[in-house]
Amino acid sequence: MKKTQASQKQSSSKQASPKKSSRKAAAATAAAAPDEQSITSVLHESRLFPPPEQFSSVARVKSLREYKKLRKRAEEDPEGFWSDVANELHWHKPWRKLLQWKAPFAKWFVGGKTNMSYNCLDRHVEGWRKTKAAIIWEGEPGEQRTLTYGQLHHEVQKFANVLLSLGVRSGDTVGIYMGMVPESAIAMLACTRIGAAHNVVFGGFSAEALRDRMNDSNAKLIVTQDAAWRRGTEVKLKDAVDRAMPECPMVKHVVVLRRTGTPVAMHPGRDHWWDQMMESVSGRCAAVPLDSEHPLYFLYTSGSTGKPKGIFHTLGGSMVWNHYTTRMVFDVRDDDIYWCTADIGWVTGHSYVIYGPLLNGITTLMYEGAPNWPEPDRFWDIIERHRVSIFYTAPTAIRAFMRWGEGHPRKHDLGSLRLLGTVGEPINPEAWIWYQQTIGGGNCPIVDTWWQTETGGIMIAPLPGATPTKPGSATLPLPGIMADVVRKDGTSCKPDEGGFLVVKHPWPAMLRTIFGDDERYRKTYWSNYKGWYFTGDGARRDRDGYFWIMGRVDDVVNVAGHRLGTAEIESSLVSHHDVAESAVVARPDELKGNALVAFVTLKSDKTPSDQLKETLRNHVGKEIGHIAKPDEIRFTDALPKTRSGKIMRRLLREIASTGTISGDVTTLEDFSALERLRDGEEE
Ligand code: WTA
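First things first, this report covers the structure right here in the doc.

Parameters at a glance
Residues numbered from 1 in each chain as written. Predicted model: local features only at pLDDT ≥ 70, side-chain atom pairs only at ≥ 80, totals over all residues. Heavy atoms only, no water. Buried < 20%, exposed > 50% of the residue type's maximum accessible area, 1.4 Å probe, protein only. Helix = DSSP H or I, 4+ residues; strand = E, 2+ residues; numbered from the N terminus. Pairing = 2+ DSSP bridges. Near = heavy atom within 4 Å. Polar contact = N/O pair within 3.5 Å; in protein donor to acceptor, adjacent residues only side chain to side chain. Areas by Shrake-Rupley, 256 points an atom, 1.4 Å probe, with all protein chains shown as cover. Nonpolar A, V, L, I, M, F, W, Y, C, P; charged D, E, K, R; others polar. Contact = heavy atoms within 4.5 Å. Axes fitted to C-alpha atoms, helices over the stretch in contact; angles between N-to-C directions. Patch = residues over 30% accessible without salt bridge, like charges linked within 9 Å, V, L, I, M, F, W, Y side chains within 5 Å. Salt bridge = Lys/Arg side-chain N within 4 Å of Asp/Glu carboxyl O. Lys, Arg positive; Asp, Glu negative; His and termini not counted. Charge placed at Lys NZ, Arg CZ, Asp CG, Glu CD. Expected span 1.5 Å × (residues − 1). Core = buried A, V, L, I, M, F, W, Y, C linked by side-chain atoms within 4.5 Å.

1. A few points about the pairing of strand β20 (residues 390-393)
Working step 1: Burial along β20 is two-sided: the residues Ile-390 and Tyr-392 and Phe-391 and Thr-393 are all buried.
Working step 2: The pairing of strand β18 (residues 337-340) with β20 spans three bridges and is classified as parallel. Within the sheet, the bridge partner assigned to Trp-339 lies in β20 and is Phe-391.
Working step 3: Alignment of β20 against strand β21 (residues 419-423), held across four bridges, turns out to be parallel. Each residue of the ladder has a partner; that of Phe-391, found in β21, is Leu-420.

Structure (structure tokens):
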């Protein structure tokens, strides 16, 4: 019998009712006009959800008091604190010095030797976890595979030998251009086993993007597959590699996994089939003890301007931070089936699909395809069938689920879930509540996790058994993270005053540099505030010290002298029941200096009309205040997004201001969405 979880679970929240929003029309206009120093915050959300008791009672950290104790210890006794955390893992040689900090360059666990693959695999295989599922995989067409820790260990050793046989050595770079198949995890782990840095390029990127990333990181070998399944069609990865190769002189070999069986051209001497290579190598390859500061991976992020940045992470710090944050934020336990929906092409896929879960010896689920294939209930179907207990996804996905309607999750028993997470963007309170109620049945803590490719792992997030949550807030920094919101001059903002999010002390997983460009590294992250890391995000802290991320400061709009974070206005629009998603940008206006343009996607059963435009403008006026009322509303059936789901406001700004696009669109997910917007076509 199928039960919907909403009826199984009781809301355990004592202080909050999801219906009762006490969102206040905020004091944007009443507040003292901010100078250029800070950002005006207009959205106030005061619902508070304490951790469910049955969750807290068995959690690692059970109360805010315990969290504060940990935080104090991390600040007062970093040596002791970090030694305890790092010593949960295996070190082939202990470190001499915890941190060497010559701003802006940090080294952690100096002199220590360790190995990521050893810690993810060998450590578990020596004990009972040898027969435990490490990876449960589901292909888009429906195939299923489970790899135990023992099997994964075996495959990784073999593939490490394949890499060695093709001339890859410690310190080399290996490109990985694959979809979500277990072999992409095997390839990553094999690299770490022999000390090669991996550079994973998202399988949806073009041949040109692949070429640039391979050349910039000096990759010697590429691991790919014939094609990947996505929404029932094949994404031809090997073809793209072939197109990139003529301009990748450093790449000597390509290893090709057969996934879909589509015919591909194989270049003799250069291209090798995965299965054939695996047949001829031994199943033993010892993990090499590597220096703590040995390269672990490169991952390229597109900045709003300029060429992509090769974010460079090293071994010891990333490993410790992935291990620690997965343990703390997801409070993982041995019987969890953990599912993070990110693609391995993003940092979330690195830290929280592969490394964090495997370091902790838990079972991580990988799904190959789209959330709406063959039907929009695919995710809920997967959760029900695999009894997923921890689910971690992005706000953009949650808003898509809302748009598709709650009939889809309602068809499934989601009662196995005990914890939900989000990452990637500010989650608007409406989506948070929907997630909590419709997916979590009112009974799962939600961990809204703030972090970046650059930070290597989660920085600000609730500890689910300890931190009362507020919809839309990433809550408090993890113990060991000294985050603050500051003005332009570096002084700390007052409660609820918007400013710039900084981290005032290095942390183990911070990027070490932008590969090949120390100057850009210095300029991008360390030039605004001496000795502090500038995140590029706007934020405020409320009276409880909770952090509210207001979006990238590049996206801040200036209206009538107020600098407003777009995320807050968007959140207000999405709180209207007809709206699925929105993006707000400013365009120059002769009269006002700036006019606000809101691009709005409606829920699938709603129809656009002029009357609705007016209603939405008034809705924002009522929710936030006159100041934030969009001057123009444009309905659209899709917003231009990066492939990781972030709205590309830069493009919308161009469309709103000039009606055309001249900038770089290589990271865009769905070009047709943009074309339609540019042509002024509305739904
Ligand atoms: C945004 C993803 C609000 C933020 C791990 C950050 C968030 C950028 C959150 C990094 C969150 C990420 N709340 N905003 N919980 N998580 N962001 O490098 O602007 O793809 O700077 O890393 O995403 O994106 P990236």
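2. Concerning the site of the ligand
Working step 1: Near the ligand, the surroundings consist of 16 residues, among which Asp-448, Thr-449, Thr-453, Asp-537 and Arg-552 are the closest.
Working step 2: For the ligand, a nitrogen atom lies 3.3 Å from a polar atom in the backbone of Pro-426.
Working step 3: In the model, a nitrogen atom of the ligand is placed 2.8 Å from a nitrogen or oxygen of the Thr-449 main chain.
Working step 4: For the ligand, the accessible surface in isolation is 530 Å², of which the surrounding protein chains cover 89%.
Working step 5: Taken together, the residues of the shell around the ligand sort by class into six nonpolar, five polar and five charged.

3. Focus: the sheet that holds strand β25 (residues 513-514)
Working step 1: Here eight strands make up an open sheet; going across it, the order is β14-β13-β10-β8-β9-β16-β17-β25 and the pairing mixed. In this open sheet, the two strands that pair with only one neighbour each are β14 (271-273) and β25.
Working step 2: Lying on the sheet, helix α12 (residues 347-359) is in contact with β9 (197-200) and β16 (295-301); it crosses β16 at an angle near 140 degrees.

4. With respect to a positive patch on the surface
Working step 1: Where like charges cluster on the molecular surface, the positive patch consists of Lys-93, Arg-96, Lys-97, Lys-102 and Lys-107.
Working step 2: Topologically, Lys-97 is positioned in strand β3 (residues 97-102).

5. Some remarks on helix α19 (residues 610-623)
Working step 1: Compared with the 20 Å implied by 1.5 Å per residue over 14 residues, the 20 Å span of α19 between its first and last C-alpha is a close match.
Working step 2: Taken together, the buried positions of α19 are occupied by Leu-612, Lys-613, Leu-616, His-619, Val-620, Gly-621 and Glu-623.
Working step 3: Within two residues after α19, Gly-625 carries a phi angle of roughly 140 degrees, on the positive side.

6. Some words on unusual backbone geometry
Working step 1: In this chain, Ala-103 is followed by Pro-104 through a cis amide linkage whose omega measures 0 degrees.
Working step 2: Secondary-structure assignment places Pro-104 in the loop between β3 and β4 (105-110).
Working step 3: With a phi angle near 55 degrees, Arg-387 is a residue other than glycine that sits in the positive phi range.
Working step 4: The phi dihedral of Asp-496 falls on the positive side, at around 70 degrees, and the residue is not glycine.
Working step 5: With respect to the helices, strands and loops of the structure, Asp-496 is situated in the loop between β23 (483-486) and β24 (499-503).

7. So, the nonpolar core
Working step 1: Among the nonpolar cores identified, the biggest contains 121 residues, and Leu-152, Phe-159 and Phe-330 are the most heavily contacted of them.
Working step 2: Apart from residues no more than four positions distant in its own chain, Leu-152 is found in contact with Leu-121, Ala-134, Ile-135, Leu-147, Ile-186, Leu-189 and Leu-358.
Working step 3: Membership of the second largest hydrophobic core comes to 29 residues, among which are Ala-133, Phe-391, Trp-432 and Ile-439.

8. Examining the side chain of Asp-413
Working step 1: When you line up the elements, Asp-413 lands in the loop between α15 (407-410) and β21.
Working step 2: On the basis of relative accessible area, Asp-413 is assigned to the buried category, the value being 14%.
Working step 3: At 2.8 Å, the side chain of Asp-413 forms a polar contact with the backbone nitrogen of Gly-415.

9. With respect to the sheet that holds β18
Working step 1: Pairing is mixed in the open sheet, where seven strands are placed in the order β7-β6-β19-β18-β20-β21-β22. The two strands at the open ends of the sheet, each matched to only one other strand, are β7 (144-148) and β22 (446-449). Pairwise comparison of adjacent strand axes, ignoring direction, gives a mean angle of 20 degrees for this sheet.

Everything listed is a geometric property; what it means functionally is a separate question.
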